[in-house]
Amino acid sequence: MRKLGDNAIPFKFDFPENDPPSVTLQPGSDDQGSPLGVEYELKLFIADNKEEKPHRRNSVSMAIRKLQYYQPRPMVRQPSTIGSKGFVLSPSKLQLEVTLDKGYYFHGDKIAVQMVVTWPSTISTRKTNSPKSRNFKINS
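Residues numbered from 1 in each chain as written. Predicted model: local features only at pLDDT ≥ 70, side-chain atom pairs only at ≥ 80, totals over all residues. Heavy atoms only, no water.

## Observations regarding the pairing of strand β6 (residues 93-100)
Applicable threshold: A pair of strands counts as paired when DSSP detects no fewer than two bridges linking them. The secondary structure listing takes helices from DSSP runs of H or I that are at least 4 residues long and strands from runs of E that are at least 2 residues long, numbered from the N terminus.
Here strand β5 (residues 80-86) pairs with β6 via seven bridges, running antiparallel. In the strand pairing of β6, T81 is matched with V98. Note: β6 against strand β7 (residues 113-118), six bridges, orientation antiparallel. Bridged to E97 within β7 is V116.

The structure is reproduced here in structure tokens:
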């Protein structure tokens, strides 16, 4: 504080506990627009009164990244989901089970997905297709 002078005022900033960590989702090669995500910026300015608006000359801004620490622990079960679809003239339902190889992924990790399709029917299947999708559900 001595380097900053007599008019320097120390302050402390705490993130609320329920705020999500900083994350940026970069657009893919087919997507248009800027990256999406959660970003935080702390902006301080000097003013003579409360009604005065900040200007570039009297303000300072700083980007802040809120990080989340992950401590590995043994997984009880692998993340999975099951879906089923019934058809009009079929007595049984088509069942799809999708399982991930682990519960947490870091930037650059490959995501291995195991799919099991069950359809106890006498109707034969000619073609199957599993397109890649970029849909995300982020729970905090």
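From this point, things continue past the structure.
## Here's the deal with a nonpolar patch on the surface
For the record, the criterion: Here the term patch refers to residues with relative accessible area over 30% and no salt bridge, with like charges joined within 9 Å and nonpolar side chains (Val, Leu, Ile, Met, Phe, Trp, Tyr) within 5 Å. Using a 1.4 Å probe, accessible areas were evaluated by the Shrake-Rupley method; residue-level cover was limited to the displayed protein chains. Salt bridges are counted wherever a side-chain nitrogen of Lys or Arg sits within 4 Å of a carboxyl oxygen of Asp or Glu.
Taken together, the side chains of L96, I111, V113, M115 and V117 present a nonpolar region at the surface, about 450 Å² in accessible area. Ranked by the residues each element gives to the nonpolar patch, the list is headed by β7, at three residues.

## Points about the side chain of S59
Under the convention used in this document: Distance and chemistry together define a polar contact, namely a pair of N or O atoms within 3.5 Å, with one atom able to donate a hydrogen and the other to accept it when in protein, and with adjacent residues in sequence counting only for side-chain atoms on both sides. In what follows, a contact means two residues having at least one pair of non-hydrogen atoms within 4.5 Å.
By secondary structure assignment, the location of S59 is in strand β4 (residues 59-64). A polar atom in the side chain of S59 sits 2.6 Å from the backbone oxygen of H55. With residues up to four places along the chain from it excluded, the contact list for S59 reads K43, L44, F45 and P54.

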